[in-house]
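A structural walkthrough
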Amino acid sequence: MGPRSRERRAGAVQSTNDSSALSKSSLAARGYVHDAFAAFLVPGTARRAPLIHRGYYVRARAVRHCVRAFLERTCAAPGAPRAQILSLGAGSDSLYFRLKTARLLVGAAVWEVDFPDVARRKAERIRDTPELCALTGPFHSGDPASALCFESLDYCILGLDLRQLQRLDQALAAAGLDAAAPTLLLAEAVLTYLEPDNAAALIAWAAQRFPNALFVIYEQMRPHDAFGQFMLQHFRQLNSPLYGLDRFPDVEAQQHRFLQAGWTACNAMDMNEFYRCFLPAEERRRMESLEPFDEFEEWHLKCAHYFILAASRGDTLSQTLVLPPSEAFPRVDPASASGVFPAMVVTSDSQGPDVKRYGHTSVLLSPGIILSAGGFGEQEGRHCRVSKFHLLSRYYDFEWIGNQVCSWGTGAQWDGRLYHTTTRLSDTQVLVLGGRLSPVTPAVGILQLCFCKNEDNSSEDLSVTVTKVGPEEDSTLSCWRHSTTEVSFENQKYLFVYGGRSVVEPVLSDWRFLHVGTMAWVRIPVEGEAPEGRHSHSACSWQGGALIAGGLGASEEPLSSVLFLKPISCGFLWESIVVQPPITPRYSHTAHVLNGKLLLVGGVWIHSSSVPGVTVIDLTTGLSSEYHIDTTCVPWPLMLHNHTSILLPEEQQLLLLGGGGNCFSFGTYFNPHTVMLDVSSLSARH
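Per an unreviewed UniProt entry, the protein chain goes by tRNA wybutosine-synthesizing protein 4 and derives from Ceratotherium simum simum. Check the Pathway (unreviewed entry) section of the UniProt entry for the protein chain; it says "tRNA modification; wybutosine-tRNA(Phe) biosynthesis." The annotation that UniProt attaches to the protein chain under Sequence similarities (unreviewed entry) is "Belongs to the methyltransferase superfamily. LCMT family."

Listed below in structure tokens is the structure:
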């Protein structure tokens, strides 16, 4: 890499500091953390989305946990040497001021290092802000040509390039850093921006330089799955690519990296585990209630792709497990794969518009026509709640063609809902239940879609009318992320609506029965122990009842239960299906029954570092098996959450439509093509 390329990359990396600082300021403004100083250290303001707030919140809490553990260990003993915090790539972070206000720097001091431009800008802002100067006390600045930008009795800012270790070592010594004193080195999303050799040299230098130290890093990982690929692409587009992830893709590799470099102990975990194990339930509930939120998949995926690590040297600090393993977050890895389901693209841009959306629904109207409705996606060159319907039609038994269809007529219009359900009533009629317009606005009323075909029975000139069913302002079903399943009672057809969430309740545990013939809500007795509330679960019809699997529970934790609403003479009975080996808890998946087997397709899980494929459960024996999805012939990445799937039983195929999500600060991703899974090997094996 030439000098100009290095300068451009350095500028791009520095710009990530500005974005991060604005996010931290927004985080404090919304009450996620207590930080009265973030706004002083960043120019301007920005209101970040709730998903960004959550991501920065768990990062802030993880770093806070490690910093306080270090200070409690090193500053507690009377007469102990002054503890030192060395923040590498500190940017505009307000750590010093927060610790000073909390009286946690009585026996400690802080040194910060960042690019010279970043360090000088921060020093100037501190000098110009009386509220900050009041905390630093008397200070002075170094010569403009020196690395020293700001120095007080317990705070020092240095402008240095972390790749120049000899100069870094000399400047720190000149600034009073004592290598023999207990030292916390802190690097939040820093090492990953250094080329691997530079990062390795920095880790080894720190191990050799500080015999009694704790090194805490917060970084990205898991580059090989769909979310990881999209994350890498985002940073490449910013001209600040993430280095070293191929070499150190997971927490185990990161731990080995530090131990090999001379650190004597090391623990690490992803942010899902930290959030569950190190934050009290009351604090989690407080955070989760701060803003309306409905992006659980991306929240869990973001946390699965970032980790916190603490490596230590020296007797004092190596005895302190800053991040001890916890039994409260057991790993539930899926069983070894029993087979592979080949995947292939069945539509392309030349075959009409594709289902680039998520949070939608899809239903098989007739053997050759699939309707997708609602969701958030691409429409007319922008991202929005989709108002057009999508028809996928099969021609000549093998070719699928996509087509966009608008609602027609002077009656009701499609209202842009997502996370609703659609149920086929006939070849030309579909019932729409529930959904939302925003996380605080449920979609009110039941809709019926009616399709009129043209004479040649193709979908090209298909028209759709939208009709409201029932009372004008029927709020009986003000929920979303629920399920609707066709069941039978006394030879009558009913729709069983179960679970979901609402504006008031984060999860729902109730259910309703809708009589299809009269479109009236009715009461039918249900016996047995009611399952815990959930949303984003799967549901499918089986033997006149409903199979419910997985979902997200009340504490925003994925569930593993498989339940059967079993028809009995007086109504229905809840039964639990015992599955062996137990399945990995998941949600946002789809499900189908094929030849007496329940297929769980994709989804999101947090208790395993592997990628969900297809779990197959034999409904007679309860035995489960796992199948990988071979995406060799599919454009990558393929995100299997917020998608829909259609089973074609005669062809032994599954069609996967849409899917994706708003991937943290990396942008919004939509699966670009409809994908077919060949599941015929299930019949061959059994």
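On to the sheet that holds strand 32 (residues 571–576), then. Strand order in the open sheet formed by five strands is 28-32-31-30-29, and the pairing between neighbours is mixed. Edge strands, defined here as strands with exactly one partner in the open sheet, are strand 28 (526–527) and strand 29 (538–542). Taken together, the two bridges between strand 28 and strand 32 define a ladder with parallel strand orientation. From the neighbouring strand, Glu527 faces strand 32, where its bridge partner is Leu573.

Looking at the element boundaries, Ser94 is found in the loop between strand 1 (83–88) and helix 3 (95–101). Of the residues examined, Ser94 reaches a relative accessible area of 2% and is grouped as buried. Of the polar contacts made by the side chain of Ser94, one reaches the side chain of Asp35; its length is 2.6 Å. Apart from the residues lying within four places of it in its own chain, the contact partners of Ser94 are Asp35, Phe37, Ala38 and Leu41.

So, about the environment of Leu656. For Leu656, the location among the structural elements is in strand 38 (residues 653–657). Looking at Leu656, the relative accessible area reads 2%, which means it is buried. Sequence separation between Leu656 and Val118 is 538 residues, and the spatial gap between their C-alpha atoms is 47 Å. Sequence-distant contacts of Leu656, defined by excluding residues within four places in its chain, comprise Val601, Leu640, Thr644, Ser645, His673, Thr674, Val675 and Leu677.

A separate point is the packing of helix 2 (residues 50–74) against helix 10 (residues 271–278). Between helix 2 and helix 10, whose axes approach to 10 Å, the crossing angle comes to 65°. When the interaxial angle is binned, helix 2 and helix 10 end up roughly perpendicular. By crossing handedness, the relation of helix 2 to helix 10 is classed as left-handed. Across from Tyr57, Val58, Arg59, Arg61, Ala62 and His65 in helix 2, the residues of helix 10 making contact are Met271, Phe274, Tyr275 and Phe278. Split by residue class, the contact of helix 2 with helix 10 holds seven nonpolar, one polar and two charged.

It is worth spelling out the sheet that holds strand 22 (residues 446–452) at this point. With respect to topology, four strands assemble into an open sheet ordered 18-19-22-23, the strand pairing being antiparallel. Lying at the two open borders of the sheet, with one neighbouring strand each, are strand 18 (421–426) and strand 23 (463–469). The sheet shows a mean angle of 25° between the axes of neighbouring strands, direction not considered. As paired elements, strand 22 and strand 23 share seven bridges and run antiparallel to each other.

Let us now look at helix 10. Across the eight residues of helix 10, seven count as buried, placing the element largely inside the fold. Inspection of helix 10 places Met271, Asn272, Glu273, Phe274, Tyr275, Arg276 and Phe278 among the buried residues, and these make up the whole buried set. Where helix 10 is buried, its residues contact helix 2, strand 7 (213–220), strand 8 (265–270), helix 11 (281–288), helix 12 (296–304) and strand 9 (306–313). Between the side-chain oxygen of the N-cap and the backbone nitrogen of Asn272 there are 3.1 Å, and the N-cap of helix 10 in question is Asp270.

On to the pairing of strand 7. Within strand 7, eight of the eight residues are buried, which leaves the element mostly enclosed by the surrounding structure. The alternating pattern of strand 7 places Ala213, Phe215, Ile217 and Glu219 and Leu214, Val216, Tyr218 and Gln220 on opposite faces, both of which are buried. Relative to strand 7, strand 6 (residues 183–188) is paired through six bridges, and the arrangement is parallel. The residue bridging Glu188 from the neighbouring strand is Tyr218, located in strand 7. Following the backbone out of strand 6, through helix 7 (residues 196–209) and into the adjacent parallel strand 7, one traces a crossover that is right-handed.

Next up on the list: the side chain of Ser87. For Ser87, the position within the fold is in strand 1. Ignoring any residue separated from it by four or fewer positions in sequence, one finds Ser87 in contact with Trp111, Glu112, Val113 and Leu186.

Another aspect to go through is the nonpolar core. Membership of the largest hydrophobic core comes to 76 residues, with the highest contact counts inside it found for Val67, Ile85, Met271, Phe274 and Ile308. Excluding its chain neighbours within four sequence positions, the residues that come into contact with Ile85 are Val67, Phe70, Leu71, Leu95, Leu99, Ala109, Val110, Trp111 and Leu184.

A separate point is unusual backbone geometry. Looking along the chain, the bond that leaves Gln580 and enters Pro581 is cis, with omega of -10°. Within the element layout of this structure, Pro581 appears in the loop between strand 32 and strand 33 (590–594). In the segment running from Trp636 into Pro637, the intervening peptide bond is cis, with an omega of 5°. Take Pro637: it is sitting in the loop between strand 36 (624–633) and strand 37 (644–648). Its identity as a non-glycine residue notwithstanding, Ala189 has a phi of 50°, on the positive side. Residue placement: Ala189 occurs in the loop between strand 6 and helix 7. A residue is classified by how much of its surface remains accessible, and Ala189, at 17% relative accessible area, is buried.

All right, on to helix 2 then. For helix 2, spanning 25 residues, the distance from its first C-alpha to its last is 36 Å, which sits close to the expected 36 Å at 1.5 Å a residue. Most of helix 2 is tucked away, with 18 of its 25 residues classed as buried.

Direction vectors running N to C along helix 6 (residues 165–174) and helix 7 enclose 35°, while the axes themselves pass 11 Å from each other. The handedness of the crossing between helix 6 and helix 7 comes out as right-handed. On the side of helix 6, the interface is formed by Leu165, Leu168, Asp169, Leu172 and Ala173, while helix 7 contributes Ala201, Leu202, Trp205 and Arg209. Of the residues contributing to the contact of helix 6 with helix 7, the split by class is seven nonpolar, no polar and two charged.

What follows concerns the packing of aromatic side chains. Enumeration according to the criterion identifies 35 aromatic pairs in this entry. Plain terms: the ring middles of Tyr358 and Phe670 are 5.8 Å apart, the flat faces sit at 25° to each other, and that makes the pair stacked. Separated by 312 residues along the polypeptide, Tyr358 in strand 11 (residues 357–358) and Phe670 in strand 40 (residues 668–670) bring together distant segments of the chain. Residues Tyr498 and Trp574 carry aromatic rings whose centres are separated by 5.5 Å and whose planes lie at 55° to one another, so their mutual orientation is tilted. Here Trp574 lies in strand 32 and Tyr498 lies in strand 25 (residues 492–498), a separation of 76 residues in the sequence. Looking at Tyr498, the relative accessible area reads 0%, which means it is buried. Taken together, the ring pairs in this structure connect Tyr56, Tyr193, Tyr218, Phe227, Phe235, Tyr306, Phe664 and Phe666 into an aromatic cluster. Here the basic side chain of Arg54 rests over the ring of Trp299, its NZ or CZ set 5.4 Å away from the ring centre.

A few words on the pattern of salt bridges. Under the defined criterion, the tally for this structure stands at 26 salt bridges. One salt bridge in this structure joins Arg501 and Asp294, with 3.2 Å as the shortest N-O distance. Of this pair, Arg501 sits in the loop between strand 25 and strand 26 (511–515) while Asp294 sits in the loop between helix 11 and helix 12; the two residues are 207 residues apart in sequence, bridging distant segments of the chain. The residues Arg501 and Asp294 share a single accessibility class, namely buried. Here Arg417 makes a salt bridge to Asp415, at a shortest N to O gap of 2.8 Å. Taken together, the salt bridges that share partners define one network made up of Lys24, Asp35, Arg59, Asp93, Arg98 and Glu188.

Reading guide: rules and limits
- Residue positions are given per chain, counted from 1 along the sequence in the order it is written.
- This being a predicted model, a pLDDT of at least 70 is required before a residue's local features are given, and a value of 80 or more before pairs of side-chain atoms are given or counted; all residues contribute to the totals for chains, interfaces and linings.
- Water and hydrogen atoms were dropped before computing side-chain values, which therefore reflect all heavy atoms in the structure.
- UniProt positions are given in the numbering used here, feature names are shortened, and annotations may be inferred rather than shown by experiment.
- At least two bridges found by DSSP between two strands are what make those strands a pair.
- A run of DSSP states H or I qualifies as a helix once it reaches four residues; a run of E qualifies as a strand once it reaches two. Both are numbered from the N-terminal end.
- Only protein chains enter the accessibility calculation, which uses a 1.4 Å probe; a residue is then buried when its area is under 20% of its type maximum, exposed when over 50%, and partly exposed in between.
- Think of a polar contact as two N or O atoms within 3.5 Å of one another; within protein, one of them needs to be a possible hydrogen donor and the other a possible acceptor, and neighboring residues in sequence only count if both atoms come from side chains.
- Contacts: residue pairs with any heavy atoms within 4.5 Å of one another.
- Axis lines are fitted to C-alpha atoms, over the contacting stretch for helices. Their N-to-C directions set the angle, which ranges from 0 to 180 degrees.
- Angular relationships are summarised with four words: roughly parallel below 35 degrees, roughly antiparallel beyond 145, roughly perpendicular across 65 to 115, and oblique for the angles in between.
- Each crossing gets its handedness from the near helix: less than a right angle anticlockwise from the far helix is left-handed, clockwise is right-handed.
- Lys, Arg, Asp and Glu make up the charged group, whereas Ala, Val, Leu, Ile, Met, Phe, Trp, Tyr, Cys and Pro make up the nonpolar group; the residues left over, Gly among them, are polar.
- Seen with its strands pointing away from the viewer, a crossover is right-handed when the path leading from the first strand over the helix to the second is clockwise.
- Residue types Ala, Val, Leu, Ile, Met, Phe, Trp, Tyr and Cys, when buried and joined through side-chain atoms within 4.5 Å, form a set referred to as a nonpolar core.
- Expected span of a helix, by definition, is 1.5 Å for each gap between consecutive residues, and there is one gap fewer than residues.
- Think of it this way: a Phe, Tyr or Trp ring, Trp meaning its six-membered ring, pairs with another when their centres are within 6.5 Å, and the plane angle makes it stacked under 30 degrees, edge-to-face over 60, tilted otherwise.
- Whether a charge sits over a ring depends on NZ of Lys or CZ of Arg being within 6 Å of the ring centre and within 35 degrees of the ring normal.
- By salt bridge we mean one thing: a side-chain nitrogen of Lys or Arg within 4 Å of a carboxyl oxygen of Asp or Glu.

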